[in-house]
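# Report on the structure
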Amino acid sequence: KRLSPLIRKRFARSLARGEAKTYTGHIDVSRSIPGFFWGLATKVLGAPLISRAGTGVPIDVRVFHDPKRGGDTWDRAYRFAGGAVTVRSTKKWDPHSGLLECVEGGVGMVLRVFEHDRALHFQSRRYFFTFGHRKLPIPSLLTPGTLLVTHSDEADGAFRFTLKIHHPVWGTTFHQTGVFRQQET
């Protein structure tokens with residue numbers, strides 16, 4: 001009950017088949033030099049990490065239940081001046097590992113979910129590669145770093161999304177922060 005009511009409502013349940021939510025906003029996107037190369041390298045996985053940077057980048061987020069992927073899929077369309085970049089990931093429940101976030105190519109993260117200062121946080125616990133029905137762990141030094149996503153309320157029903165990825169050797173590899181509003185459908 002420490003989460004704000006709007007955050008609880010936004011994340012209260014998985015979406016039903018055919019149901020979708022759309023959020024729009026502007027986001028500041030930065031990455032380090034190692035982050036730039038991680039962004040290029042992950043293009044084969046559907047570009048889950050962005051090699052580009054910008055301030056006040058318009059962004060549309062569409063969330064929908066995808067039975068084929070087994071969870072709620074988040075499509076994020078970043079509209080950079082030089083062209084759009086779309087990032088897709090799916091959050092789904094695994095009875096053995098808990099909440100997962102998965103991208104194309106079989107790569108995913110086991111997430112820790114917690115509340116702090118009335119905000120909702122998603123933190124990567126470990127990365128894995130799916131091979132058949134097995135999840136093979138990826139050593140932390142071979143990942144972009146520990147991910148921390150925060151959803152916090154702003155005024156008038158808006159919310160702030162902040163993403164930070166911190167590598168044990170290279171420091172902060174990615175940082176994004178922006179304010180969003182849900183669009184009526």
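Keep in mind the model is a prediction, meaning the values are calculated, not measured. (Residues numbered from 1 in each chain as written. Predicted model: local features only at pLDDT ≥ 70, side-chain atom pairs only at ≥ 80, totals over all residues. Heavy atoms only, no water.)

## Considering the side chain of arginine 10
Residue position: arginine 10 is located in helix 1 (residues 5-11). With residues near it in sequence (within four places) discarded, arginine 10 still touches Lys21, Tyr23, Asp153 and Phe159. (Helix = DSSP H or I, 4+ residues; strand = E, 2+ residues; numbered from the N terminus. Contact = heavy atoms within 4.5 Å.)

## A closer look at the environment of threonine 22
Along the polypeptide, threonine 22 turns up in strand 1 (residues 20-31). For threonine 22, a relative accessible area of 23% translates into the label partly exposed. As a C-alpha pair, threonine 22 and tryptophan 74 span 52 residues in sequence and 9.6 Å in three-dimensional space. (Buried < 20%, exposed > 50% of the residue type's maximum accessible area, 1.4 Å probe, protein only.)

## Section: the packing of aromatic side chains
Applying the stated criterion to the full structure yields seven aromatic pairs. Through successive ring pairs, a cluster of aromatic residues spans Tyr23, Phe159, Phe161 and Phe180. Lying over the aromatic face of phenylalanine 159, arginine 10 brings its terminal NZ or CZ to 4.0 Å of the ring centre. Across the ring face of phenylalanine 122, the terminal group of lysine 91 is positioned such that the distance to the ring centre comes to 5.3 Å. (Phe/Tyr/Trp six-rings, centres within 6.5 Å; stacked < 30°, edge-to-face > 60°. Lys NZ or Arg CZ within 6 Å of the ring centre and 35° of its normal.)

## A few points about a nonpolar patch on the surface
Together, Ile33, Phe37 and Leu40 make up an exposed nonpolar region whose accessible area comes to about 320 Å². Assignment of secondary structure puts isoleucine 33 in helix 2 (residues 33-41). On the accessibility criterion, isoleucine 33 (64% relative accessible area) is exposed. (Patch = residues over 30% accessible without salt bridge, like charges linked within 9 Å, V, L, I, M, F, W, Y side chains within 5 Å. Areas by Shrake-Rupley, 256 points an atom, 1.4 Å probe, with all protein chains shown as cover. Salt bridge = Lys/Arg side-chain N within 4 Å of Asp/Glu carboxyl O.)

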